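# Structure at a glance
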Amino acid sequence: MATGTDGPTPISEADRDTAVRRLQEAYADGQFGFEELDERLQRALTTTTPDGLAEALTGLPEPVAHPDARSATTLTGDALGGRIRRRGAWRVPRVLTVASALGRVRLDLSRAVIEHPVVDIQLLLGTGGAGITVPRNAVVDLTALHAGLKQPRYRARRTVRPGGPVIRISGGMGTGRLRIRHSLW
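Quick look at the structure, then.

### Some details on the environment of A26
For A26, the position within the fold is in helix α1 (residues 13-28). A26 sits in the buried class, given a relative accessible area of 4%. For the pair formed by A26 and L57, sequence separation is 31 residues and the distance between their alpha carbons is 9.7 Å. Here A26 is in contact with Q31, F32 and L60, once residues within four sequence places are set aside.

Laid out in C-alpha coordinates, this is it:
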(Lines give C-alpha, C1' and ligand atoms only; values in the text may rest on other atoms or scores of the structure.)
Protein backbone atom coordinates (compact mmCIF):
# COMPACT_ATOMS: atom_id res chain seq x y z
CA MET A 1 0.00 0.00 0.00
CA ALA A 2 1.44 3.35 -1.10
CA THR A 3 1.61 6.03 1.53
CA GLY A 4 2.37 8.98 -0.71
CA THR A 5 5.78 9.57 0.91
CA ASP A 6 7.80 7.82 -1.76
CA GLY A 7 9.37 11.13 -2.86
CA PRO A 8 9.72 12.57 -6.35
CA THR A 9 10.11 10.32 -9.34
CA PRO A 10 13.72 10.26 -10.55
CA ILE A 11 14.38 11.50 -14.08
CA SER A 12 15.57 9.12 -16.77
CA GLU A 13 18.74 9.52 -18.80
CA ALA A 14 16.54 9.90 -21.91
CA ASP A 15 14.78 12.88 -20.28
CA ARG A 16 18.13 14.38 -19.36
CA ASP A 17 19.49 13.84 -22.90
CA THR A 18 16.38 15.47 -24.40
CA ALA A 19 16.79 18.49 -22.10
CA VAL A 20 20.46 18.87 -23.06
CA ARG A 21 19.57 18.68 -26.76
CA ARG A 22 16.85 21.32 -26.33
CA LEU A 23 19.28 23.63 -24.54
CA GLN A 24 21.90 23.19 -27.27
CA GLU A 25 19.29 23.92 -29.95
CA ALA A 26 18.10 27.04 -28.12
CA TYR A 27 21.69 28.26 -27.88
CA ALA A 28 22.27 27.53 -31.57
CA ASP A 29 19.11 29.49 -32.39
CA GLY A 30 20.46 32.47 -30.41
CA GLN A 31 17.92 32.38 -27.58
CA PHE A 32 20.67 32.95 -24.99
CA GLY A 33 24.44 33.31 -24.69
CA PHE A 34 27.21 30.87 -23.82
CA GLU A 35 27.27 31.72 -20.11
CA GLU A 36 23.56 31.02 -19.75
CA LEU A 37 23.94 27.80 -21.73
CA ASP A 38 26.68 26.72 -19.33
CA GLU A 39 24.51 27.47 -16.27
CA ARG A 40 21.46 25.71 -17.70
CA LEU A 41 23.47 22.66 -18.77
CA GLN A 42 25.00 22.43 -15.30
CA ARG A 43 21.50 22.50 -13.79
CA ALA A 44 20.18 19.90 -16.25
CA LEU A 45 23.11 17.53 -15.74
CA THR A 46 23.12 17.66 -11.94
CA THR A 47 19.44 17.67 -11.04
CA THR A 48 17.72 14.51 -9.87
CA THR A 49 14.11 15.68 -10.05
CA PRO A 50 11.70 16.55 -12.85
CA ASP A 51 11.20 20.00 -11.28
CA GLY A 52 14.94 20.68 -11.48
CA LEU A 53 14.96 19.68 -15.12
CA ALA A 54 11.97 21.94 -15.79
CA GLU A 55 13.88 24.84 -14.17
CA ALA A 56 16.77 24.32 -16.60
CA LEU A 57 14.30 24.57 -19.51
CA THR A 58 12.38 27.61 -18.18
CA GLY A 59 11.41 30.02 -20.94
CA LEU A 60 12.06 27.64 -23.82
CA PRO A 61 9.19 26.94 -26.23
CA GLU A 62 7.75 23.46 -26.09
CA PRO A 63 9.19 21.21 -28.82
CA VAL A 64 6.90 20.69 -31.79
CA ALA A 65 7.18 17.42 -33.67
CA HIS A 66 7.08 17.93 -37.43
CA PRO A 67 7.08 14.87 -39.68
CA ASP A 68 9.86 16.26 -41.89
CA ALA A 69 11.88 18.05 -39.20
CA ARG A 70 14.85 15.73 -39.75
CA SER A 71 14.65 15.78 -43.56
CA ALA A 72 16.59 19.05 -43.89
CA THR A 73 19.95 17.35 -43.48
CA THR A 74 21.80 18.89 -46.45
CA LEU A 75 23.23 22.38 -46.78
CA THR A 76 25.05 23.75 -49.81
CA GLY A 77 27.27 26.82 -49.87
CA ASP A 78 28.53 28.20 -53.19
CA ALA A 79 30.76 31.15 -53.97
CA LEU A 80 32.67 32.07 -57.09
CA GLY A 81 34.98 34.36 -55.11
CA GLY A 82 34.98 35.84 -51.64
CA ARG A 83 34.54 33.82 -48.49
CA ILE A 84 32.34 31.09 -47.18
CA ARG A 85 32.41 31.19 -43.39
CA ARG A 86 30.46 29.39 -40.67
CA ARG A 87 31.38 29.78 -37.01
CA GLY A 88 29.87 30.10 -33.58
CA ALA A 89 26.68 28.27 -32.70
CA TRP A 90 25.22 26.85 -35.90
CA ARG A 91 23.44 23.61 -36.69
CA VAL A 92 25.60 21.25 -38.76
CA PRO A 93 23.59 19.26 -41.31
CA ARG A 94 24.18 15.59 -42.01
CA VAL A 95 25.66 16.51 -45.43
CA LEU A 96 27.41 19.81 -46.09
CA THR A 97 28.52 20.65 -49.64
CA VAL A 98 30.82 23.64 -50.10
CA ALA A 99 31.85 24.85 -53.58
CA SER A 100 34.19 27.77 -54.21
CA ALA A 101 36.18 28.52 -57.37
CA LEU A 102 38.40 31.31 -56.02
CA GLY A 103 37.43 32.16 -52.46
CA ARG A 104 38.46 30.91 -49.06
CA VAL A 105 36.39 28.57 -46.91
CA ARG A 106 36.39 28.61 -43.09
CA LEU A 107 34.23 26.15 -41.19
CA ASP A 108 34.37 26.09 -37.41
CA LEU A 109 32.51 23.15 -35.88
CA SER A 110 33.91 23.64 -32.37
CA ARG A 111 30.76 25.36 -30.97
CA ALA A 112 28.33 24.02 -33.52
CA VAL A 113 25.42 21.75 -32.72
CA ILE A 114 26.20 18.37 -34.29
CA GLU A 115 23.20 16.06 -34.07
CA HIS A 116 24.45 13.31 -36.37
CA PRO A 117 27.09 10.72 -35.47
CA VAL A 118 28.57 11.08 -38.97
CA VAL A 119 28.84 14.36 -40.90
CA ASP A 120 29.85 14.35 -44.57
CA ILE A 121 31.55 17.50 -45.84
CA GLN A 122 32.01 17.61 -49.60
CA LEU A 123 34.53 20.22 -50.71
CA LEU A 124 34.63 21.38 -54.32
CA LEU A 125 37.43 23.93 -54.31
CA GLY A 126 39.44 25.63 -57.05
CA THR A 127 42.31 27.93 -56.12
CA GLY A 128 41.06 29.00 -52.70
CA GLY A 129 42.13 27.35 -49.49
CA ALA A 130 40.00 25.90 -46.75
CA GLY A 131 40.30 25.69 -42.98
CA ILE A 132 38.13 23.41 -40.88
CA THR A 133 38.13 23.32 -37.08
CA VAL A 134 36.55 20.15 -35.73
CA PRO A 135 35.47 19.32 -32.16
CA ARG A 136 38.13 18.02 -29.83
CA ASN A 137 36.69 14.51 -29.74
CA ALA A 138 35.94 14.23 -33.49
CA VAL A 139 37.39 11.57 -35.75
CA VAL A 140 38.37 12.90 -39.18
CA ASP A 141 38.30 10.73 -42.32
CA LEU A 142 40.07 12.15 -45.41
CA THR A 143 40.19 8.97 -47.52
CA ALA A 144 37.66 10.24 -50.11
CA LEU A 145 39.34 13.66 -50.60
CA HIS A 146 41.23 14.20 -53.85
CA ALA A 147 43.94 16.79 -53.24
CA GLY A 148 45.26 18.92 -56.08
CA LEU A 149 48.75 20.39 -55.87
CA LYS A 150 48.93 20.58 -52.07
CA GLN A 151 48.23 17.79 -49.63
CA PRO A 152 45.91 18.55 -46.70
CA ARG A 153 47.51 19.52 -43.42
CA TYR A 154 46.05 17.48 -40.61
CA ARG A 155 47.49 15.80 -37.56
CA ALA A 156 45.13 13.31 -35.95
CA ARG A 157 44.82 13.39 -32.18
CA ARG A 158 46.59 10.57 -30.42
CA THR A 159 43.72 9.93 -28.06
CA VAL A 160 40.12 10.70 -28.81
CA ARG A 161 37.34 10.33 -26.25
CA PRO A 162 34.64 7.98 -27.50
CA GLY A 163 31.30 9.41 -28.53
CA GLY A 164 32.55 12.19 -30.79
CA PRO A 165 31.28 12.69 -34.33
CA VAL A 166 32.98 11.27 -37.39
CA ILE A 167 33.72 14.04 -39.89
CA ARG A 168 34.16 12.57 -43.40
CA ILE A 169 35.67 15.02 -45.85
CA SER A 170 35.40 14.20 -49.54
CA GLY A 171 35.43 16.00 -52.89
CA GLY A 172 38.27 17.65 -54.73
CA MET A 173 40.68 20.53 -54.36
CA GLY A 174 42.54 22.41 -57.06
CA THR A 175 45.57 24.46 -56.08
CA GLY A 176 44.39 25.46 -52.61
CA ARG A 177 45.30 23.74 -49.39
CA LEU A 178 43.03 22.26 -46.73
CA ARG A 179 44.03 22.75 -43.09
CA ILE A 180 42.17 20.81 -40.41
CA ARG A 181 42.67 21.25 -36.70
CA HIS A 182 40.99 20.05 -33.55
CA SER A 183 39.44 22.56 -31.18
CA LEU A 184 41.31 23.06 -27.92
CA TRP A 185 38.09 22.71 -25.88
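### A short note on the environment of R85
Looking at the element boundaries, R85 is found in strand β2 (residues 83-86). Overall, the relative accessible area of 46% leaves R85 in the partly exposed class. Between the alpha carbons of R85 and R106 there is a distance of 4.8 Å; along the sequence they are 21 residues apart.

### Considerations on the environment of V105
Tracing the backbone shows V105 in strand β5 (residues 104-108). Considering only alpha carbons, one finds V105 and G131, 26 residues apart in sequence, at a separation of 6.2 Å. Leaving out residues up to four positions away in the same chain, V105 has contacts with I84, V98, S100, L125, G129, A130 and G131.

Cut-off values and rules
- Residue indices follow the written sequence of each chain, beginning from 1 at its first position.
- Totals for whole chains, interfaces and linings use all residues, but because this is a predicted model, local features are given only for residues with pLDDT of at least 70 and pairs of side-chain atoms are given and counted only at 80 or more.
- Values reported for side chains reflect all heavy atoms of the structure, with hydrogen atoms and water molecules removed beforehand.
- Helix numbering and strand numbering both begin at the N terminus, where a helix is a DSSP run of H or I of at least 4 residues and a strand a DSSP run of E of at least 2.
- Exposure is judged per residue with a 1.4 Å probe applied to protein chains only, and the accessible area is read against the type maximum: over 50% gives exposed, under 20% gives buried, and values in between give partly exposed.
- We call two residues in contact whenever any of their non-hydrogen atoms come within 4.5 Å of each other.

Nothing here speaks to function; it is geometry throughout.
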